[in-house]
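Below, each chain spelled out in residue letters.
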Amino acid sequence: MLSDLIREFDQLSDELLLAVRRGDESEIDLIDKQIQPLTRRIFDVDARSHSEIMAQIGFFNRLAMMNCEDDFSVRRYTAMMSRLFMRYLESGSEQKFMRSRVGQVCLDQGYDPSVQELVLDSIPERVAVIGLDYRYIYCNQRNAEFHNMQPSDFIGKHMLDVIDQKRFQSRAKPRIDQCFGGACISYTYEVSDAHGRLFEVHCRMTPLTGPDNVVCGAVLVLNMQPMFARMAQ
């Protein structure tokens, strides 16, 4: 079913491109009205295998990259990728039952966290998942707090929007590129938070793999140890 829906989407996309080239506004409007509900149907599919899961996540990653010049679209599609990622971290009826009980307060407030997300938000480590386009797919509460932001603020953002270009080019990118190549990376550095407190950070990068061990991102876990308070200027 999922593959059929994706093929239908690709066919509609080809037809839309032809309509745009012809300047056929009525055809463009007709196809647009079909594409948006179809995108939602693809998102709502409950994938039954590992390959289907990665195909589903990969579909929205492809949409994000195709619309890379539209920040709203990038954030929308990467947010959907993040929600799929968290959806499939769950497995079994027992965890679904726990989710309904543990997350009841959040559900009442209109938010639907998974058990794993609640756990990741409670651990002391900072956790993030980065896609191959260097954009955030997931960020836990601890990592968001370090940057004085909300977890939702990260979804779809490029790493350059969070750390400066010098740190990205000299420290983060070379290592995360190795991780995208399949290597598990571990290194230590020092950093200060928004309040001037200095920390030693131990960063572990683990490849996020899909079917046939194809890497589709990286999982970052950062353990922070306080060093000393920076003197006020």
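Residues numbered from 1 in each chain as written. Predicted model: local features only at pLDDT ≥ 70, side-chain atom pairs only at ≥ 80, totals over all residues. Heavy atoms only, no water.

Trainee: Before we move on, could you go through helix 10 (residues 165-180) and cite the residues and values that matter?
Mentor: Spanning 16 residues, helix 10 covers only 19 Å between terminal C-alpha atoms, well under the ideal 22 Å at 1.5 Å per step. At alanine 172, helix 10 is bent by approximately 45 degrees, the largest bend along its length, and proline proline 174 sits one to four residues beyond. Here helix 10 has its buried residues at Phe168, Arg171, Ala172, Ile176, Cys179 and Phe180. Put simply, aspartate 164 is the residue that caps the front of helix 10, since its side-chain oxygen is 3.2 Å from the backbone nitrogen of lysine 166. Immediately downstream of helix 10, the backbone of glycine 182 shows phi near 110 degrees, a positive value. (Helix = DSSP H or I, 4+ residues; strand = E, 2+ residues; numbered from the N terminus. Expected span 1.5 Å × (residues − 1). Bend = angle between axes of the 7 residues up to and from the residue. Buried < 20%, exposed > 50% of the residue type's maximum accessible area, 1.4 Å probe, protein only. Polar contact = N/O pair within 3.5 Å; in protein donor to acceptor, adjacent residues only side chain to side chain.)

Trainee: Describe the packing of aromatic side chains, with residues and values.
Mentor: Applying the stated criterion across every chain, the model contains eight aromatic pairs. Relative to phenylalanine 168, the ring of tyrosine 134 lies with its centre 5.6 Å away and its plane at 90 degrees, an arrangement referred to as edge-to-face. Here tyrosine 134, found in the loop between strand 1 (126-131) and strand 2 (136-139), pairs with phenylalanine 168, found in helix 10; they are 34 residues apart in sequence, far enough to count as distant. Judged by relative accessible area, tyrosine 134 falls into the buried class, the value being 16%. Between tyrosine 134 and phenylalanine 180, the aromatic rings sit 5.7 Å apart at their centres with planes inclined by 50 degrees, giving tilted as the arrangement. Placement of the pair is tyrosine 134 in the loop between strand 1 and strand 2 and phenylalanine 180 in helix 10, with a sequence separation of 46 residues. What makes phenylalanine 180 buried here is its relative accessible area of 14%. Members of the aromatic cluster, connected to one another through ring pairs, are Phe9, Phe43, Phe59, Phe60 and Tyr77. When the ring centre of phenylalanine 146 is taken as reference, the NZ or CZ atom of arginine 126 above it lies at 4.0 Å. (Phe/Tyr/Trp six-rings, centres within 6.5 Å; stacked < 30°, edge-to-face > 60°. Lys NZ or Arg CZ within 6 Å of the ring centre and 35° of its normal.)

Trainee: So what about the environment of histidine 202? Which residues, and what values?
Mentor: Here histidine 202 is to be found in strand 4 (residues 197-209). Ignoring any residue separated from it by four or fewer positions in sequence, one finds histidine 202 in contact with Ser186, Tyr187, Thr188, Val221, Leu222 and Asn223. A polar contact of 3.1 Å, which involves the side chain of histidine 202, links it to the side chain of serine 186. (Contact = heavy atoms within 4.5 Å.)

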